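As a plain string of letters, each chain reads:
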Amino acid sequence: MSLANPKVGFVSLGCPKALVDSERILTQLRVEGYDIVQSYDDADLVVVNTCGFIDSAVTESLDAIGEAIAENGKVIVTGCLGKKPEQIREAHPGVLSISGPQDYGSVMTAVHAALPPKHDPFLDLVPDTGIKLTPKHYAYLKISEGCNHRCSFCIIPSMRGDLVSRPVDQVLREAEKLAMGGVKELLVISQDTSAYGVDVKYAEREWRGKAYQTRMKALCEGLSELGIWTRLHYVYPYPHVDDIIPLMAETGAHGMPKLLPYLDIPFQHASPRVLKLMKRPGAVDKTLERIQRWRSIAPDIAIRSTFIVGFPGETEAEFEELLDFLDEAQLDRVGAFAYSPVEGASANALPDPVPEEVKQERLARFMERQAEISAAKLEAKVGTTQRCLVDTLDGELAIARSMADAPEIDGLVQIQNGFMAGLKAGEFVDVEIMGSDEHDLFGEVAFDD
Ligand code: SF4
């Protein structure tokens, strides 16, 4: 497998609106694993975001396209001038694709066709959903690359290196542009969100005239100024995670929670010995205490976690410790994997591998135990009113997500009268929950009498 990411050059011309489009496309490219490069020579292809407002802008845009074709050869054109494709084709018949402003989908489709993304299930932060652009109303916000941990089952640090955090003002500016462009939910991602800023010693930067540290809590406080949802993913269970829980119970701009009461925190196991073999933090009794404390501060908090069963050396008793942990922790959403060796991971050298059929049998028992817990937790929501964000309309139904549901990985809320209520994608709505199954909730728009 080649380790190099596909490389895209980007030329952005025009007004602030075009800049928002550029930011959206750049964010999506980065999230999908493309590197953004600064020279035509380094790029595998070039995207030119054009302006067509006045004649001089048209000339400038056509010149920029010509330069990119001469220097690189593979060019995708988008933006305002894209509304006049004949004019572009006449001057530059070799462009790969032309799309108009705010047409992120066409740009990404053209990029995928000319330069397919590399999906690697061990390295990618975003679920592989085929080639699909994030809907306009939610966006991934990548805050850092790399990781300082050395979990024995993981090869990310050896491939991506140690943690490199993006400066907080840069992240906040990107988030601000996304919010201005219509994004209603930000999904903060990194390899290790809670370590954000350690590498830059939590350097202070200014945004909107106020100082913010490059640190998870300060970042969340900044994002809460935008008045949209912020959801944290890949939070490593450090003690200082406790500091952000109060934000989940506070109200920020536009009456939104300062931080969604949602934590994606991979615990991986619950046996102290297995956790030690995995090189993960191992104080399980403290983890349970912390979960209780989090719930006492933010009672609605939804906790999603992932676990590995059948790790080398895991005994039946240790696996049962894990099942007991599930019973006590009452997590909302859980993903689990049967351990499988990843080439280059240090765990491969551990003794006593668990036989494949035992791994599969444990995985099935684990999933069965958690399914009951998740189903009961969803059932407990029947009769409540949940604030939801509409993702799409499907016939009479609106398909939405509650604060407890991250896109792609968690459940959905089916709103039975969504069409009748005139709901639109990207809209917030209060839903009366009337039913549940193992994954999803069902309800109706709550109308005031
Ligand atoms: S914290 Fe995550 S990315 Fe870092 S080494 Fe562990 S599993 Fe890999």
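Residues numbered from 1 in each chain as written. Predicted model: local features only at pLDDT ≥ 70, side-chain atom pairs only at ≥ 80, totals over all residues. Heavy atoms only, no water.

- Naming follows an unreviewed UniProt entry, where the protein chain appears as Ribosomal protein uS12 methylthiotransferase RimO of Lysobacter niastensis.
- Per its UniProt entry, the protein chain bears the Sequence similarities (unreviewed entry) comment "Belongs to the methylthiotransferase family. RimO subfamily."
- Taken directly from UniProt, the Catalytic activity (unreviewed entry) text for the protein chain runs: "L-aspartate(89)-[ribosomal protein uS12]-hydrogen + (sulfur carrier)-SH + AH2 + 2 S-adenosyl-L-methionine = 3-methylsulfanyl-L-aspartate(89)-[ribosomal protein uS12]-hydrogen + (sulfur carrier)-H + 5'-deoxyadenosine + L-methionine + A + S-adenosyl-L-homocysteine + 2 H(+)". (UniProt positions renumbered as here; feature names shortened; annotations may be inferred.)

A short note on the packing of aromatic side chains
Each aromatic ring pair is summarised here by two numbers: the centre-to-centre distance and the angle between the ring planes.
Okay, step 1: Counting across every chain of the model gives 10 aromatic pairs.
Okay, step 2: Between Phe-153 and Phe-311, the aromatic rings sit 6.5 Å apart at their centres with planes inclined by 85 degrees, giving edge-to-face as the arrangement. Of the two residues, Phe-153 sits in the loop between strand 7 (144-145) and helix 5 (156-160) while Phe-311 sits in the loop between strand 14 (302-309) and helix 11 (316-329), which places them 158 residues apart along the sequence. Each member of the pair, Phe-153 as well as Phe-311, is classed as buried.
Okay, step 3: Taking 5.1 Å as the distance between ring centres and 75 degrees as the angle between the ring planes, the aromatic pair formed by Phe-311 and Tyr-339 counts as edge-to-face. (Phe/Tyr/Trp six-rings, centres within 6.5 Å; stacked < 30°, edge-to-face > 60°. Helix = DSSP H or I, 4+ residues; strand = E, 2+ residues; numbered from the N terminus. Buried < 20%, exposed > 50% of the residue type's maximum accessible area, 1.4 Å probe, protein only.)

Quick word on the sheet that holds strand 19 (residues 428-436)
Okay, step 1: Taken in spatial order, the 5 strands close into a barrel running 16-17-18-20-19, and their pairing is mixed. Across this sheet, the average inter-strand angle for adjacent strands is 50 degrees, counted without regard to direction.
Okay, step 2: When strand 17 (residues 397-402) meets strand 18 (residues 413-415), the two strands line up antiparallel, connected through 3 bridges. Looking at strand 18, one finds that Ile-399 is bridged to Gln-414. (Pairing = 2+ DSSP bridges. Axes fitted to C-alpha atoms, helices over the stretch in contact; angles between N-to-C directions.)

Points about the UniProt feature "binding site: [4Fe-4S] cluster 2" (unreviewed entry) in the protein chain
Okay, step 1: Listed under "binding site: [4Fe-4S] cluster 2" (unreviewed entry) in the UniProt record, and renumbered for this structure, are Cys-147, Cys-151 and Cys-154.
Okay, step 2: Mapping Cys-151 onto the fold places it in the loop between strand 7 and helix 5.
Okay, step 3: Apart from residues no more than four positions distant in its own chain, Cys-151 is found in contact with Tyr-236, Met-278, Lys-279 and Arg-280.
Okay, step 4: Tracing the chain through its elements places Cys-154 in the loop between strand 7 and helix 5. (Contact = heavy atoms within 4.5 Å.)

Points about the sheet that holds strand 1 (residues 7-12)
Okay, step 1: One open sheet holds the 5 strands; their spatial order is 2-1-3-4-5, and the pairing between them is parallel. The open sheet has two edge strands with one neighbour each: strand 2 (35-37) and strand 5 (97-98).
Okay, step 2: Pairing of strand 3 (residues 45-50) with strand 4 (residues 75-79), which is carried by 5 bridges, proceeds in the parallel orientation. Residue Val-48 lies in a different strand from strand 4, and its bridge partner there is Val-77.
Okay, step 3: Docked against the sheet, helix 2 (residues 55-71) engages strand 1, strand 3 and strand 4, running at close to 180 degrees with respect to strand 3.

Topic: the packing of helix 6 (residues 168-180) against helix 7 (residues 216-224)
Okay, step 1: Two elements in contact, helix 6 and helix 7, have axes separated by 10 Å at closest approach and are oriented at 30 degrees. The orientation of helix 6 relative to helix 7 falls into the category roughly parallel. Judged by the sense of rotation from one axis to the other, the crossing of helix 6 with helix 7 is right-handed. Taking contact as the criterion, the partners of Val-168, Val-171, Leu-172 and Ala-175 in helix 6 are, on helix 7, Leu-219, Gly-222 and Leu-223.
Okay, step 2: Here the residues of the contact of helix 6 with helix 7 are counted per class, giving 6 nonpolar, 1 polar and no charged. (Parallel < 35°, antiparallel > 145°, perpendicular 65-115°, else oblique. Left-handed = near helix turned anticlockwise from the far one by under 90°. Nonpolar A, V, L, I, M, F, W, Y, C, P; charged D, E, K, R; others polar.)

Overview of unusual backbone geometry
Okay, step 1: The phi dihedral of Arg-208 falls on the positive side, at around 50 degrees, and the residue is not glycine.
Okay, step 2: Within the secondary structure, Arg-208 is located in the loop between strand 10 (204-207) and strand 11 (210-213).
Okay, step 3: For Gln-268, which is not a glycine, the phi torsion comes out positive at approximately 70 degrees.
Okay, step 4: By relative accessible area, Gln-268 is classed as buried at 9%.

Re the confidence of the model for the protein chain
Okay, step 1: The predicted model of the protein chain has a mean per-residue pLDDT of 90, with 93% of residues at 70 or higher.
Okay, step 2: Segment residues 128-133: pLDDT under 50, and 11 contacts once partners within four positions in sequence are set aside and those in other chains are kept. (pLDDT = per-residue confidence, 0-100.)

Remarks on empty space enclosed by the protein
Okay, step 1: The final tally for this structure, using the stated rule, is 2 cavities of 30 Å³ or more.
Okay, step 2: Taken as a whole, the second largest cavity holds about 60 Å³ of empty space.
Okay, step 3: Every residue along the wall of the second largest cavity is listed here: Asp-332, Arg-333, Ser-374, Lys-377, Leu-378, Lys-381, Ser-402, Ala-404, Asp-405 and Leu-441.
Okay, step 4: With 3 residues, helix 12 (residues 356-379) is the single largest residue contributor to the lining of the second largest cavity. (1 Å grid on protein atoms, 1.4 Å probe; cavity = no way out; pocket = protein on both sides within 12 Å on 5 of 7 lines; lining within 4 Å. Points joined across faces, edges and corners; volume = space filled by probe spheres on them.)

Thoughts on the pairing of strand 6 (residues 138-142)
Okay, step 1: The buried fraction of strand 6 amounts to 5 of the 5 residues, a majority that puts the element mostly inside the structure.
Okay, step 2: Residues Tyr-138, Tyr-140 and Lys-142 line one face of strand 6 and the alternating positions Ala-139 and Leu-141 line the opposite face, and both faces are buried.
Okay, step 3: Of the strand pairs in this sheet, strand 6 and strand 9 (residues 185-189) are connected by 5 bridges, and their pairing is parallel. The residue of strand 9 that forms the bridge with Tyr-140 is Leu-187.

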